[in-house]
Amino acid sequence: MITSTDVQLQADYAHTFGKHSIGVTFVTERNKRRDLNNWVHAVPTTNVLPLIYFSTMDTYDDGDITTSKIGYVGRISYNYNNKYYLEVAGRRDASYILSPEHKWGTFPFASGGWRITQEPFFQRLISPDILNELKLRGSYGLTGDDRNLPIDEFSYLEAYDYNDGNPAILDGNAVISSKYRGLPVTTITWIKSHMLDLGLDFGLFHNKLTGSFDYFKRVRSDIPGTKYDVLLPSELGYTLPEENLPDNKDKVEGLEGAINYHGQAGKVNFSIGANLSYARTYTVSTYKPRFFNSLDQYYNSQEGRPQNLDWGYTVIGQFTSQDQINNYPVNIDGQGNSTLLPGDLIYKDFNNDGVINKEDTRPLGWGGGRNPIFNGGLNLAASWNGFDFHMDFSMGAGYSFVRDYEMRWPYQNGGALQEVFYDSHWHHEDIYDVNSPWVAGDYPAMRFNESGQSNYNKPSSFWLTNIKYIRCRTLELGYSLPSELLERLKISKARFYVNANNLFSIDNVHQYGIDAEIYDNNGLTYPQSKYLNVGINLSF
């Protein structure tokens with residue numbers, strides 16, 4: 001059971017005098033939440049009556065967690081003649097999870113804008129009938145994060161965890177034990193995010209064509225970590241707690257833009273809009289990085305590199321004959337190529353040492369995960385004589401899917417076989433005669449659940465797909481009854497519609513039988529559902 005109390009009080013003041021306008025806002029927020037939960041597990045003595053009794057219960061957990069936050073927000077805005085804009089704001093927040101010394105955080109913000117098209121000199125350069133709106137803007141602010149900290153509500157207290165660990169046996173009786181929590185964490189404070197945004201808004205041909213472009217950057221600092229160069233004796237029984245390290249930084253940097261056009265052709269009103277964004281996360285620096293040598297630094301350094309990189313082997317071809325395998329100078333499988341067959345993968349020996357090993361791995365693709373680096377959308381709309389049409393697309397690119405398990409090994413764990421393996425793989429012309437000629441295919445000759453074979457035990461460019469997709473998110477067609485008919489029916493509005501969601505996707509992974517917005521490398525992510533709706537909206 002969860003109970004939550006939220007209080008927000010806001011006061012606003014706005015005043016205009018001449019060409020000057022000012023606004024002042026003050027907000028106070030308070031939140032208190034209590035979470036009561038119980039979890040019981042038992043093994044019933046019979047499946048006929050699946051009842052829970054104390055005698056059959058093997059687990060009972062309960063919790064009583066109270067959290068609270070308080071915050072104050074202030075903002076002052078000013079504009080002159082709707083031409084120059086300035087705003088300064090700030091927050092001061094307190095978090096329940098932090099120690100009393102670091103509970104409060106202050107986060108300022110400032111922004112400014114300039115409608116350059118309101119300047120006489122600019123209107124002389126470009127006619128307002130062509131470029132009627134151009135606004136330059138920028139903002140910078142500091143925000144705090146208390147949700148991704150390696151602490152709980154009482155980490156700053158010296159205490160014991162009750163009923164943690166194995167019970168003690170004293171005088172033949174089991175006694176509930178407690179465990180020391182370790183050093184109190186009293187130095188953890190807010191993770192800070194420095195936010196910068198520079199952009200412009202424009203309007204052409206009396207706002208028939210509008211759009212915006214932005215450059216943004218977020219740098220996080222004071223990310224918690226442990227100082228590896230401060231050692232504690234192992235006899236203490238606990239390790240050094242984490243703390244905010246100024247050298248631990250990462251950043252997200254990118255661009256985004258949007259453009260929209262509204263027009264009319266006869267009785268048809270239409271609009272088209274598109275947006276596209278690029279954003280990628282990088283590690284800026286870490287606490288005192290150390291490496292054994294330049295090779296160790298190349299493979300393990302994080303500084304200045306994109307996060308979520310996939311490393312693997314580069315495939316430069318497939319063997320076409322047994323003679324080629326027997327005479328190949330590079331040891332592909334670690335066993336003198338004795339396990340290889342025609343059609344097996346050839347990996348690039350980057351360091352030319354004659355052996356394929358970890359030192360031949362390189363970054364591959366864009367990195368995995370659910371978040372594409374490139375995101376975009378397309379919106380289409382039209383109306384004519386009561387009919388209306390809407391169609392929305394989303395697109396994604398700049399993320400990679402590396403097939404594994406069921407998607408890589410034939411008959412993984414004795415299971416099913418990918419259809420693409422069966423349709424095109426290297427095999428003997430006569431499957432019952434090992435001396436018959438080989439028939440070429442897209443995939444290596446199949447083995448039965450051999451995950452350790454060199455085709456399957458290495459992440460490689462052969463199994464990697466840099467995903468690109470465009471998906472029809474919504475498609476809707478509607479018709480609204482004319483006003484003359486509505487008056488006779490005594491109805492103010494009636495609209496009939498049919499719409500579909502996730503109708504289709506154009507992508508480069510459908511041949512594998514998976515959804516483009518994939519995450520699990522075994523391909524077992526449940527695909528998105530398609531919906532079809534038919535309805536009517538009535539207003540009386």
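Quick notes on the rules
- Residues numbered from 1 in each chain as written.
- Predicted model: local features only at pLDDT ≥ 70, side-chain atom pairs only at ≥ 80, totals over all residues.
- Heavy atoms only, no water.
- Salt bridge = Lys/Arg side-chain N within 4 Å of Asp/Glu carboxyl O.
- Helix = DSSP H or I, 4+ residues; strand = E, 2+ residues; numbered from the N terminus.
- Buried < 20%, exposed > 50% of the residue type's maximum accessible area, 1.4 Å probe, protein only.
- Domains from an automatic or database assignment.
- Contact = heavy atoms within 4.5 Å.
- Pairing = 2+ DSSP bridges.

1. Section: the pattern of salt bridges
Where charged atoms of side chains with opposite charge meet at close range, the side chains can pair. Tallied over the full model, the rule gives 25 salt bridges. Ionic pairing is found between Arg-181 and Asp-161, a salt bridge with its closest N-O pair at 2.7 Å. Placement of the pair is Arg-181 in the loop between strand 10 (178-180) and strand 11 (191-204) and Asp-161 in strand 7 (residues 160-162), with a sequence separation of 20 residues. Lys-227 is the salt-bridge partner of Glu-243, the closest N and O atoms lying 3.8 Å from each other. Of this pair, Glu-243 sits in strand 14 (residues 243-245) while Lys-227 sits in the loop between strand 13 (223-225) and strand 14, and the two are 16 residues apart along the sequence. Residue class for Lys-227 comes out partly exposed when judged on its relative accessible area of 27%. Each of Arg-137, Asp-197, Asp-201 and Asp-214 takes part in salt bridges that share partners, so that together they form one network.

2. Overview of the domain arrangement of the protein chain
The domain boundaries assigned to the protein chain delineate domain 1 (1-68) and domain 2 (308-539). Computed over C-alpha atoms only, the centres of domain 1 and domain 2 are separated by 40 Å.

3. Some details on the environment of Tyr-328
Checked against the element boundaries, Tyr-328 lands in the loop between helix 3 (322-326) and strand 20 (345-347). For the pair Tyr-328 and Ile-346, spaced 18 residues apart in sequence, the C-alpha separation works out to 9.8 Å. Setting aside chain neighbours within four positions, we find Tyr-328 in contact with Ile-316, Phe-319, Asn-337 and Ile-346.

4. Focus on the pairing of strand 4 (residues 84-95)
As paired elements, strand 3 (residues 57-80) and strand 4 share 12 bridges and run antiparallel to each other. Counterpart to Gly-71 in the pairing with strand 4 is Asp-93. The loop that links strand 3 with its antiparallel partner strand 4 comprises three residues; one of these, Asn-81, has a positive phi angle of about 55°. Taken together, the 11 bridges between strand 4 and strand 5 (residues 104-115) define a ladder with antiparallel strand orientation. Paired with Leu-86 across the two strands is Gly-112, which belongs to strand 5.

5. Re unusual backbone geometry
One non-glycine residue, His-206, adopts positive backbone phi at about 60°. Tracing the backbone through its elements, the reader meets His-206 in the loop between strand 11 and strand 12 (209-221). Positive phi, normally seen in glycine, also occurs at Asn-352, with a value near 55°.

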